[in-house]
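# Analysis of the macromolecular model
One letter stands for each residue in the lines below.
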Amino acid sequence: MQRIQPGDPIVILTGAGISKESGLDTFRDTGGVWTRVRLEDVATPDAFDRDPDLVHGFYNARRRTLADPAIQPNPAHAALVRLERDWPGPVLLVTQNVDDLHERAGSRGLIHMHGQLARARCLACGAGRDWAGDLSVDTPCPACGATGGMRPDVVWFGEMPLAMAKIEAALAACRLFVSIGTSGTVYPAAAFVHQALDAGALTVELNLEPGQASGLFAIRRRGPATQLVPKFVERLLAGEFPGR
């Protein structure tokens with residue numbers, strides 16, 4: 001097994017599992033969001049065209065949950081901030097999550113490939129901005145004044161994830177790819193491990209349960225992200241990873 005050298009480029013992918021330990025719902029677990037709400041009703045462009053009030057209600061509720069003072073970054077988020085700060089090479093953090101817990105923890109080199117819950121975008125003029133409150137069909141766009149077109153600035157099913165060219169370039173150059181708390185069922189993120197392997201990178205999965213592509217990872221660790229990620233970062237920065 002190849003060893004990671006200080007300064008080697010790293011790409012980290014995070015999913016709902018890292019946010020779950022901060023109190024946010026996952027999507028595909030038993031009891032997760034998609035077991036209670038049909039994605040076809042709230043997470044597609046057609047759903048927004050068909051029933052924007054329903055879609056706004058769903059995302060408004062999630063935005064309010066994210067604003068709850070009890071929802072805070074956890075030790076896994078903090079460990080990734082430390083890795084970004086102390087690793088002598090490039091670290092790109094890519095998240096499938098639409099929450100802002102990575103930012104609140106202090107992450108800077110971050111891509112939200114599925115957009116951000118705390119942002120809104122106007123379908124009329126394309127302007128996007130930070131947004132903390134509710135949205136409705138009557139909300140005017142602060143940029144152009146149009147109503148009816150303000151939507152959550154998240155990537156819905158059937159839409160293209162963000163910054164894919166930058167992500168794919170980083171995967172092609174990385175020496176270490178780490179997947180944290182993701183089921184590996186949603187593409188294109190589910191293909192990142194294939195791209196990292198094609199680049200000759202060491203692949204690591206840190207997850208509570210095996211993801212769909214677990215067999216492709218050279219190293220697999222099972223447990224809560226709040227335990228696994230700080231330990232992983234500690235060993236990596238100490239030059240002890242991978243080890244026996």
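Owing to the predicted nature of the structure, the values given are computational and were not obtained by experimental measurement. (Residues numbered from 1 in each chain as written. Predicted model: local features only at pLDDT ≥ 70, side-chain atom pairs only at ≥ 80, totals over all residues. Heavy atoms only, no water.)

## A look at the UniProt feature "binding site: substrate" (unreviewed entry) in the chain
In this numbering, the UniProt entry assigns the feature "binding site: substrate" (unreviewed entry) to Tyr59 and Arg62. Inspection of the secondary structure puts Tyr59 in helix α5 (residues 52–66). Classification of Tyr59 as buried rests on a relative accessible area of 4%. Tyr59 has contacts with Val42, Ala43, Leu117, Pro152, Val154 and Trp156, leaving out every residue within four places of it along the chain. Along the polypeptide, Arg62 turns up in helix α5. (UniProt positions renumbered as here; feature names shortened; annotations may be inferred. Helix = DSSP H or I, 4+ residues; strand = E, 2+ residues; numbered from the N terminus. Buried < 20%, exposed > 50% of the residue type's maximum accessible area, 1.4 Å probe, protein only. Contact = heavy atoms within 4.5 Å.)

## Here we look at the pairing of strand β4 (residues 115–122)
Inspection of the sheet shows β4 paired to strand β6 (residues 150–154) by four bridges, in the antiparallel sense. When the bridges of β6 are listed, Gly115 appears paired with Val154. Of the strand pairs in this sheet, β4 and strand β5 (residues 128–130) are connected by three bridges, and their pairing is antiparallel. Bridged to Arg119 within β5 is Asp130. Following β4, the chain reverses through five residues before pairing antiparallel with β5; Gly126 in that reversal takes a positive phi of roughly 85°. (Pairing = 2+ DSSP bridges.)

## Re the sheet that holds β5
The strand order across the open sheet formed by three strands is β5-β4-β6, and the pairing between neighbours is antiparallel. Lying at the two open borders of the sheet, with one neighbouring strand each, are β5 and β6. For this sheet, the mean inter-axis angle between neighbouring strands, taken without regard to orientation, is 40°. (Axes fitted to C-alpha atoms, helices over the stretch in contact; angles between N-to-C directions.)

## Observations concerning the packing of aromatic side chains
Within this structure, the stated rule accounts for five aromatic pairs. Judged by centre distance (5.5 Å) and plane angle (40°), the rings of Phe48 and Trp156 are tilted. Of this pair, Phe48 sits in helix α4 (residues 45–50) while Trp156 is found in the loop between β6 and α8 (164–173), placing the two residues 108 residues apart along the sequence. Grouping residues by exposure puts Phe48 and Trp156 together as buried. (Phe/Tyr/Trp six-rings, centres within 6.5 Å; stacked < 30°, edge-to-face > 60°.)

## Description of the pattern of salt bridges
A pair can form between side chains of opposite charge whenever their charged atoms are brought close. The tally for this structure, following the rule as stated, stands at ten salt bridges. A salt bridge links Arg82 to Asp86; the nearest nitrogen and oxygen atoms lie 3.7 Å apart. Linking Arg82 with Asp86, this pair stays in helix α6 (residues 75–86), spanning four residues, or about one helical turn. Classification of Arg82 as partly exposed rests on a relative accessible area of 28%. On the basis of relative accessibility, which here comes to 37%, the residue Asp86 falls in the partly exposed class. Residue Arg119 is joined to Asp153 by a salt bridge in which the shortest nitrogen-to-oxygen separation is 3.5 Å. Here Arg119, found in strand β4, pairs with Asp153, found in strand β6; they are 34 residues apart in sequence, far enough to count as distant. Assessed through its relative accessible area of 14%, Asp153 is described here as buried. (Salt bridge = Lys/Arg side-chain N within 4 Å of Asp/Glu carboxyl O.)

## Brief notes about the pairing of strand β2 (residues 91–95)
Counting buried positions along β2 gives five out of five residues, so the element sits mostly inside the fold. Across the two faces of β2 the burial is the same, with Val91, Leu93 and Thr95 and Leu92 and Val94 all buried. One ladder, built from five bridges, connects strand β1 (residues 10–14) with β2; its direction is parallel. Among the inter-strand pairings, Val11 is bridged to a residue of β2, identified as Leu92.

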